[in-house]
Amino acid sequence: MNWPIAEVARMSGVTARTLRHYDETGLLPSARIGANGHRYYEERQLLRLQQILVLRALGVALPEIGRILSAQVDEVDALRDHHQRLLAEWDRLEVLASTVSRTIAELEQSRKDGHPMTINRPENLFEGVMPSQYEENMRDFPELAQEVGRRAATMSQADADTAHRERTAQMIRLAERMAAGHPADADPVQAEIDTQYRALAGLRPVSAEDYRAIGRSVVDTETWRAAYEAIAPGLAAYQRDAIEAYATDRLN
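Residues numbered from 1 in each chain as written. Predicted model: local features only at pLDDT ≥ 70, side-chain atom pairs only at ≥ 80, totals over all residues. Heavy atoms only, no water.

Put simply, helix α11 (residues 222-231) and helix α12 (residues 235-251) touch, their axes get as near as 7 Å, and they point 110° apart. When the axes of α11 and α12 are compared, the pair comes out roughly perpendicular. On α12, the residues touching Arg 225, Tyr 228, Glu 229 and Ile 231 of α11 are Leu 235, Ala 236 and Gln 239. Taken together, the residues of the contact of α11 with α12 break down into 4 nonpolar, 1 polar and 2 charged. (Axes fitted to C-alpha atoms, helices over the stretch in contact; angles between N-to-C directions. Helix = DSSP H or I, 4+ residues; strand = E, 2+ residues; numbered from the N terminus. Parallel < 35°, antiparallel > 145°, perpendicular 65-115°, else oblique. Contact = heavy atoms within 4.5 Å. Nonpolar A, V, L, I, M, F, W, Y, C, P; charged D, E, K, R; others polar.)

Structure, rendered in structure tokens:
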């Protein structure tokens, strides 16, 4: 039995664009290409796609996934390995949930007291957080995600943690602009968006339409949206609107 690329995209939640990229790079070759030019996939390719998505969910970069899959022989052994990774991820998510819950409680208490929140151990804010999740959120932009993955592969853990904390700090600053009542196209907000854009453009050219698509993904991608909403309700849509304004005013 085989399935066309559109059906595989529907079943897996992976865009056809990403599936084509996986095929072109050799990560997930299609079973065949029909006379109509469309890619078709069989059971073996679906099993491989499952492994790719499990490893992506675990924060493994695309180049490393390719190396892992090429070294595998037995699919059952591979799935057992993935299962162990998932159990470890389950434990990590429990830690992350506890971290967010603790932060919420501390923020609520500080508001009741009328004083700014005091962070005695800043590292507590990042327990259970994996910087590589940023790349996972870019999965609908495979070329850019690959650049992020290559950059991440050369970074030390300390550098990766620093980069992640800076991204988190950017999100917090944006939330502060939103809480202060600044519209998405206000200068202080656009200054933050400009910093974000320059960081992306430093990896690979990003067109106005690509940047708009990234902004929409902040809302449409569940893990990305959850990260923003954990900081402040409405922040994901605020980021999207700010990117739309930036792309219209500065990139067109």
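Bringing the pattern of salt bridges into the picture now. Taken as a whole and judged by the stated rule, the model has 9 salt bridges. Residue Arg 39 is joined to Asp 23 by a salt bridge in which the shortest nitrogen-to-oxygen separation is 2.7 Å. Taken as a pair, Arg 39 in strand β3 (residues 39-42) and Asp 23 in helix α2 (residues 16-24) lie far apart in primary sequence, 16 residues in all. The buried category is assigned to Asp 23, whose relative accessible area is 16%. The shortest N-O distance in the salt bridge between Glu 244 and Arg 212 comes to 3.1 Å. Here Glu 244, found in helix α12, pairs with Arg 212, found in helix α10 (residues 208-220); they are 32 residues apart in sequence, far enough to count as distant. Relative accessible area serves as the criterion here: at 35%, Glu 244 is assigned to the partly exposed category. Among the residues examined, Arg 212 registers a relative accessible area of 13% and is labelled buried. (Salt bridge = Lys/Arg side-chain N within 4 Å of Asp/Glu carboxyl O. Buried < 20%, exposed > 50% of the residue type's maximum accessible area, 1.4 Å probe, protein only.)

This paragraph deals with α12. Over its 17 residues, α12 extends 23 Å from the first C-alpha to the last, a length consistent with the 24 Å expected when each residue adds 1.5 Å. Turning to α12, its buried residues number three or more, namely Leu 235, Ala 236, Tyr 238, Gln 239, Ala 242, Ile 243, Ala 245, Tyr 246 and Ala 247. (Expected span 1.5 Å × (residues − 1).)

What follows is about helix α4 (residues 62-71). Among the residues making up α4, those that are buried are Leu 62, Ile 65, Ile 68 and Leu 69. All buried residues of α4 lie within an arc of 115° about the axis, which places them on one face of the element. Opposite the buried face of α4, by more than 90 degrees, sit the exposed residues Ser 70 and Ala 71. (Arc of directions from axis to C-beta.)

Of all hydrophobic cores here, the largest spans 23 residues; its most connected members are Val 189, Ile 193, Tyr 211, Tyr 228 and Leu 235. Per-element tally for this core: the top contributor is α12, with 6 residues. By size, the runner-up hydrophobic cluster in this structure holds 18 residues, among which are Ala 9, Leu 27, Leu 55 and Leu 69. (Core = buried A, V, L, I, M, F, W, Y, C linked by side-chain atoms within 4.5 Å.)

Spatially, 3 strands are ordered β1-β3-β2 in an open sheet, and the strand pairing comes out antiparallel. The open sheet terminates on both sides in strands that have one partner only, identified here as β1 (2-4) and β2 (32-33). Of the pairings in the sheet, the one linking β2 to β3 comprises 2 bridges and is antiparallel in character. Looking at the pairing, Arg 32 lines up with Tyr 40 of β3. (Pairing = 2+ DSSP bridges.)

Within the chain, residue pLDDT values average 77, and 68% of them lie at 70 or more. Counting contacts from residues 117-135, a segment whose pLDDT is below 50, to residues more than four positions away or on other chains yields 44 contacts. (pLDDT = per-residue confidence, 0-100.)

This part takes up the environment of Arg 39. Taking relative accessible area as the criterion, Arg 39 reaches 15% and is therefore assigned buried. When the C-alpha positions of Arg 39 and Asp 23 are compared, they lie 9.2 Å apart, and in sequence the two are 16 residues distant.

Scanning the entire structure with this criterion turns up 3 aromatic pairs. Residues Tyr 197 and Tyr 246 carry aromatic rings whose centres are separated by 5.5 Å and whose planes lie at 45° to one another, so their mutual orientation is tilted. Of the two residues, Tyr 197 is situated in helix α9 (residues 187-201) and Tyr 246 in helix α12; the sequence distance between them amounts to 49 residues. Neither Tyr 197 nor Tyr 246 differs from the other in exposure class; each is buried. Geometrically, the ring pair formed by Tyr 211 and Tyr 246 is edge-to-face, given 5.9 Å between the ring centres and 80° between the ring planes. With Tyr 211 in helix α10 and Tyr 246 in helix α12, this pair connects stretches of sequence that are 35 residues apart. What makes Tyr 211 buried here is its relative accessible area of 1%. Pairwise contacts between aromatic rings join Tyr 197, Tyr 211 and Tyr 246 into one cluster. Positioned above the aromatic ring of Tyr 40 is the side chain of Arg 32, whose terminal nitrogen or guanidinium carbon lies 4.3 Å from the ring centre. (Phe/Tyr/Trp six-rings, centres within 6.5 Å; stacked < 30°, edge-to-face > 60°. Lys NZ or Arg CZ within 6 Å of the ring centre and 35° of its normal.)

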